[in-house]
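# Reading the structure
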Amino acid sequence: MSPAELVDGITEVVRGGGALSAAATAALLGHMTDSPPPLIDKELLRRFSALTPRERDVVVLVASGPGNDEIAARMSVSPYTVKTRAARAMTKVGARDRAQRVSFTFRAGLYP
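An account of the accompanying structure is given in this report.

The rules behind these values
- Sequence positions are assigned chain by chain, starting from 1 and proceeding in written order.
- The predicted nature of this model means local features are confined to residues of pLDDT at least 70 and side-chain atom pairs, given and counted, to a pLDDT of 80 or more, with totals for whole chains, interfaces and linings taken over all residues.
- Each side-chain value is worked out from all heavy atoms of the structure, with water and hydrogens disregarded.
- Working definition: helices are DSSP H or I runs of at least four residues, strands are E runs of at least two. Numbering for both runs from the N terminus.
- Salt bridges are identified by distance alone: a Lys or Arg side-chain nitrogen within 4 Å of an Asp or Glu carboxyl oxygen.
- Working definition: with a 1.4 Å probe on protein chains only, accessible area under 20% of the residue-type maximum means buried, over 50% means exposed, and in between means partly exposed.

### A short note on unusual backbone geometry
Across residues other than glycine, the phi torsion is negative in most instances, and most of the peptide bonds are trans. One non-glycine residue, S76, lies in positive phi territory at about 60°. Here S76 lies in the loop between α5 (68-75) and α6 (79-93).

### Observations regarding the pattern of salt bridges
Pairing is possible between side chains that carry opposite charge, provided their charged atoms lie close to one another. Inspection of every chain in the model, using the stated rule, returns six salt bridges. Notably, a salt bridge pairs R107 with D41, separated by 3.5 Å at the nearest N-O pair. Highlighted residues: R107 in helix α7 (residues 98-107) and D41 in the loop between α2 (22-34) and α3 (42-48), separated in sequence by 66 residues. The class for D41 is partly exposed, based on a relative accessible area of 25%. Among the ionic pairs, E55 bridges to K92, the shortest N-O distance being 2.8 Å. Remark: K92 occurs in helix α6 and E55 occurs in helix α4 (residues 53-63); sequence separation between them is 37 residues. With a relative accessible area of 36%, K92 lands in the partly exposed category. The network of salt bridges with shared partners includes E43, R46 and R47.

What follows is the structure in structure tokens.
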């Protein structure tokens, strides 16, 4: 975990949210892919339709486990851009934190 991700996690917890590291996200992903696919929540899928294509790309990449720095490198953008797009997406889909955003991504059927 990078120092910036640690600070982001602490800030999120202080605000009353939850923090989920990239490693924990990857472990959760591994568990979820071993389970039968869940039913798609059509209401959550509708919320995701409000995202821009790049916000949606970020959300799906976040759900696959890498940290913001790795996502930024994959997308050829800055980590700040990744963080901004992820935050906007979180607001648009009504998630309170990163963990819930990842959960919503899977429940909407947007598998990485």
